[in-house]
Amino acid sequence: MEETTNNNEEKKSLNFIEEIIEEDLRNGVNEGRVHTRFPPEPNGYLHIGHAKSICLNFGLGKKYNGKTNLRFDDTNPVKEDVEYVDSIMEDVKWLGFDWEDRLFYASDYFEQLYEYAIILIKKGKAFVCDMNAEEISETRGTPTRPGKESPYRGRTIEENLDLFTRMRKGEFPDGAKVLRAKIDMSSPNMHMRDPIIYRILHTSHHRTGDQWCIYPMYDFAHGQSDSLEHITHSICTLEFEVHRPLYDWFIREIGIYAPRQIEFARLNLTYTVMSKRKLLDLVKEGFVQGWDDPRMPTICGLRRRGYTPESIRNFAETIGVAKRDNVIDVSLLEFCIREDLNKRANRLMAVLNPLKVIIDNYPDDLVEEMNATNNPEDESRGKRKVPFSKTIYIEQDDFMETPQGKFFRLSPGREVRLRSAYIIKCESVVKEPETGRILEIHCSYDPMTKSGMAESNRKVKSTLHWVSAKHAVTAEIRLYDRLFIKENPDEVEEGKTYKDYFNTNSLKICSALIEPAVISAKNLDKFQFERIGYFAVDKDTTPKNLVFNRVVPLKDSWNKNEKK
RNA sequence: UGUCCGAUGGUGUAAUUGGCAACACAACUGACUCUGGAUCAGUAGAGUCCAGGUUCGAACCCUGGUCGGACAACCA
């Protein structure tokens, strides 16, 4: 519909990465080929920050008719596990991306990488060093002070070859020796100070088993892996900018194809943390119930919470990509899921804090099937039947004995519409004598105002949701709030840690009375409970116990005014 | 007292590459509404980190500062 108004097709501006790619395309670099990759380490679950990278890499592949690989950078067997490999593949697929037949592992290249190391040794560009971790660290210098050369730096090529071969054979224990690149101990770039490229690790690997006892360092594997896969644009986060000269050095010395690395700023979100380590702490220390706890910014957490792949992709698109540090307001993420669910989630009525309403002039045993619209945004979703009877429940918040301010819901003597049903009028209030607590309210209904009836269009100030007492289904409801009480939990005061800002009210469990149509709901089904919010069926649901997660509440301008 | 990177409304991203700051979220008005949702209309909010310079003209180029981030794991 937008395109009908302006035919001079408003072209969307390019982000800086697309600009670089298009420039390369114009210059005929790589024969016009675009090939990206998403290279996670299988040592944890993916989070929304990874989603940004996934959408970027796969999005670019798609946009430029190129390809995108999935490659696991699995060079550290002590931290990695197939559990993570599986979850990562599941998450990428769920987000809607396809690596087709291009699933790779850095461990696929171990033999090749070993050969590359031999090349370096033969060129006199790498040496076996016998110093231990502490000694190496001490001689590395600091960013402002040059390091000292290793006493083993001068070993002959033959000696290095012999030692490295024996390292591979398993003749030395963990930590006894490392292979180092011979570059420059006085380089202002710490990564160029004779970096370690191979270490001894007598640990079995999740894919290569006990085939190897030496493993390449990430820096020695990543760039070459990209090269081997003929990646044209290696997109990564900012912290690897300083590594680029090293990658370039390896590629040049080994003499292989050079991809172009482009760095972008990682995503930060308000009221949460985004590092794998911190997320793991929250799981291990029981702040949350697992990686897929719906409060977690992990992909599996968001999925369980009720987020859709479309909403996350749209979020990634909306936040854009640049090089400056950024913190995105969670409200943008919430906007994206509301926007999506508004169009696709069917409506249901559910009461969280019930207040009993008896309609005195309604026949005792009558049950009427009301016609309710499933989704007013999409008439094709049709209608459903909602049973109505003499005793119903409404939300406690929807009644005020002495209405204040602009409260225009139910109160004594006032009329309101019951959604998809009748207009009722509050006639009296029954209270507990001692406490004054409201027990129930009595109303009358106007039979001529049934929804859909010709004369039903009388204007009333508000419409309330409701459920029929004898037909309602009970469900467990989990209400989530932000994980932390501080916008940036990483910004800690003296003597505190991000954990001190954990929001102890981030999960509230309550129950709800829901209209009977809910019983057919299956895991991950999403609904809008009218006037409350979007809810998704949780996997903890059993035939006896329906469990819903609140994805996000509806915007509430009344509640907002109240808080002022 | 190093190297690299960055700096545009509250937040994020733009600005046809030197032509007079736009879009989205958030906020606020109002209209409409059988969801105080959605939708629609509108308002406010930056003169682009600072100081110089080049130019008819600078958010874009140059110089010098300031501030912020990354880098000293046998992690990735």
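Remember, predicted model here, so these are calculated numbers, not experimental data.

Draft legend 1. Highlighting the packing of aromatic side chains. Evaluation of the coordinates by the stated rule reveals 26 aromatic pairs. Taking the ring centre of Phe172 as reference, the NZ or CZ of Lys177 above it sits at 4.6 Å. The side chain of Arg482 reaches across the aromatic face of Tyr271, ending 3.9 Å from its centre.

Draft legend 2. Summary view of the sheet that holds strand 3 (residues 103-105). Taken in spatial order, the 3 strands make up an open sheet running 1-2-3, and their pairing is parallel. Edge positions in the sheet fall to strand 1 (35-38) and strand 3, since each of these pairs with one other strand and no more. On average, adjacent strands in this sheet sit at an angle of 35° to one another, irrespective of strand direction. Of the strand pairs in this sheet, strand 2 (residues 67-72) and strand 3 are connected by 3 bridges, and their pairing is parallel.

Draft legend 3. Main features of the pairing of strand 13 (residues 368-373). What you see with strand 13 is a clean split: Glu368, Met370 and Ala372 sit on the buried side and Glu369, Asn371 and Thr373 on the side with no burial. Both strand 13 and strand 14 (residues 383-388) contribute to a ladder of 6 bridges, which runs antiparallel. The partner of Met370 across the bridge, within strand 14, is Val386.

Draft legend 4. Inspection of the protein's contact with RNA strand B at higher detail. In the vicinity of RNA strand B, 71 residues are found, and the nearest of them are Arg347, Arg409, Ser451, Gln528 and Arg531. Here RNA strand B approaches the protein such that, of its atoms within 4 Å, sugar and phosphate make up 64%. Contact between RNA strand B and Pro143: a base nitrogen at 3.1 Å from a main-chain N or O atom of the residue. The separation between a sugar or linking oxygen of RNA strand B and a polar side-chain atom of Asn342 is 3.2 Å. Going through the elements one at a time, helix 6 (133-139), strand 6 (196-200), helix 13 (330-344) and helix 14 (557-563) are the ones with two or more residues in the surface near RNA strand B.

Draft legend 5. Up close: the sheet that holds strand 5 (residues 178-181). Here we have 4 strands laid out as an open sheet, ordered 4-5-6-7, and antiparallel in their pairing. Edge positions in the sheet fall to strand 4 (126-129) and strand 7 (214-216), since each has one partner strand and no second. Neighbour-to-neighbour, the strand axes of this sheet turn through a mean angle of 20°, independent of strand direction. In this sheet, strand 5 lies alongside strand 4 in antiparallel orientation, the contact comprising 4 bridges. Looking across to strand 5, one finds that Cys129 is bridged to Val178. Lying on the sheet, helix 7 (residues 157-169) is in contact with strand 4, strand 5, strand 6 and strand 7; it crosses strand 4 at an angle near 60°.

Draft legend 6. Quick peek at the domain arrangement of chain A. For chain A, the assigned domains are domain 1 (15-264), domain 2 (276-346 + 475-563) and domain 3 (350-465). Each of domain 1 and domain 2 has a C-alpha centre, and the two are 35 Å apart. Taken together, the contact between domain 1 and domain 2 spans 25 residues of the former and 23 residues of the latter. Summing the contributions of domain 1 and of domain 2, the shared interface buries around 2,200 Å²; its carbon and sulfur component is 71%. On the domain 1 side of the interface with domain 2, the three residues burying the most area are Tyr45, Ile48 and Trp94, jointly 33% of the side's total. At the surface where domain 1 touches domain 2, the tally comes to 4 salt bridges. One salt bridge connects Lys323 with Glu263, and the closest N-O pair in it is separated by 4.0 Å. Tallying contributions element by element places helix 3 (residues 48-63) first for the side of domain 1 that touches domain 2, with 6 residues. For the side of domain 1 that touches domain 2, the class distribution of residues is 13 nonpolar, 6 polar and 6 charged.

Draft legend 7. The environment of Pro489, seen in detail. Here Pro489 lies in the loop between strand 21 (473-480) and strand 22 (507-514). Sequence separation of Pro489 and Tyr501 is 12 residues, and the distance between their C-alpha atoms is 6.3 Å. Not counting residues up to four positions away in its chain, the partners in contact with Pro489 are Thr272, Val273, Phe484, Tyr498 and Tyr501.

Draft legend 8. Highlighting the packing of helix 12 (residues 309-319) against helix 13. Viewed as axis vectors pointing N to C, helix 12 and helix 13 meet at an angle of 135°, and their least axial separation amounts to 9 Å. With respect to each other, helix 12 and helix 13 are oriented oblique. Crossing hand, helix 12 versus helix 13: right-handed. On helix 13, the residues touching Glu310, Ser311, Asn314, Phe315, Thr318 and Ile319 of helix 12 are Leu332, Leu333, Cys336, Ile337, Glu339, Asp340 and Arg344. Looking at side-chain class alone, the contact of helix 12 with helix 13 contains 6 nonpolar, 3 polar and 4 charged residues.

Draft legend 9. Quick peek at helix 4 (residues 82-94). Compared with the 18 Å implied by 1.5 Å per residue over 13 residues, the 18 Å span of helix 4 between its first and last C-alpha is a close match. Regarding helix 4, the residues found buried are Tyr84, Val85, Ser87, Ile88, Met89, Asp91 and Val92. Against strand 1, helix 3, strand 2, strand 3 and helix 11 (299-305) lie the buried residues of helix 4. Its side-chain oxygen placed 2.8 Å from the backbone nitrogen of Glu83, Asp81 serves as the N-cap of helix 4.

Draft legend 10. Expanded view of the side chain of Asn374. Structurally, the position occupied by Asn374 is in the loop between strand 13 and strand 14. At 3.2 Å, the side chain of Asn374 forms a polar contact with the side chain of Arg384. Excluding its chain neighbours within four sequence positions, the residues that come into contact with Asn374 are Ala345, Asn346, Arg347, Arg381, Gly382, Lys383 and Arg384.

What counts, and where the lines are drawn
- Every chain is numbered independently, its residues counted from 1 as its sequence is written.
- Chain letters start at A and ligand numbers start at 1, both assigned in the order the entries are written.
- pLDDT decides what is reported in this predicted model: residues at 70 or higher carry local features, side-chain atom pairs at 80 or more are listed and counted, and totals for whole chains, interfaces and linings draw on all residues regardless.
- By convention in this description, side-chain values take in all heavy atoms of the structure and omit both hydrogens and water.
- Stacked, tilted and edge-to-face pairs are distinguished by plane angle, under 30 degrees for stacked and over 60 for edge-to-face with tilted covering the rest, among Phe, Tyr and Trp rings (Trp via its six-membered ring) whose centres lie within 6.5 Å.
- By definition, being over a ring means that NZ of Lys or CZ of Arg is both within 6 Å of the ring centre and within 35 degrees of the ring normal.
- Following DSSP output, two strands are said to pair if at least two bridges run between them.
- Under the scheme used here, helices are H or I runs from DSSP no shorter than 4 residues and strands are E runs no shorter than 2 residues, and both carry numbers assigned from the N terminus.
- All axes here are fitted lines through C-alpha atoms, helices being fitted over the stretch that makes contact, and every angle between N-to-C directions spans 0 to 180 degrees.
- Any residue under 20% of the maximum accessible area for its type is buried, any over 50% is exposed, and the rest in between are partly exposed; the area is computed with a 1.4 Å probe on protein chains only.
- The rule for a residue being near a molecule or strand is that one of its heavy atoms must lie within 4 Å of it.
- N or O atoms closer than or at 3.5 Å make up a polar contact, with two conditions inside protein: a donor-capable atom paired with an acceptor-capable one, and, for residues adjacent in sequence, both atoms drawn from side chains.
- Here, two residues are considered to be in contact whenever any of their heavy atoms come within 4.5 Å of each other.
- The domain limits used here are those given by an automatic or database domain assignment.
- Computed with a 1.4 Å rolling probe, the buried area is the accessible surface lost when two parts are put together, summed over both parts.
- The salt bridge definition used is simple: a Lys or Arg side-chain nitrogen within 4 Å of an Asp or Glu carboxyl oxygen.
- Only Asp, Glu, Lys and Arg are considered charged in this grouping, and only Ala, Val, Leu, Ile, Met, Phe, Trp, Tyr, Cys and Pro are considered nonpolar; every other residue, Gly among them, is considered polar.
- Oblique is the label for every angle not falling under 35 degrees (roughly parallel), over 145 degrees (roughly antiparallel), or within 65 to 115 degrees (roughly perpendicular).
- Each crossing gets its handedness from the near helix: less than a right angle anticlockwise from the far helix is left-handed, clockwise is right-handed.
- Expected helix span is taken as 1.5 Å per residue step, with the number of steps being one fewer than the number of residues.

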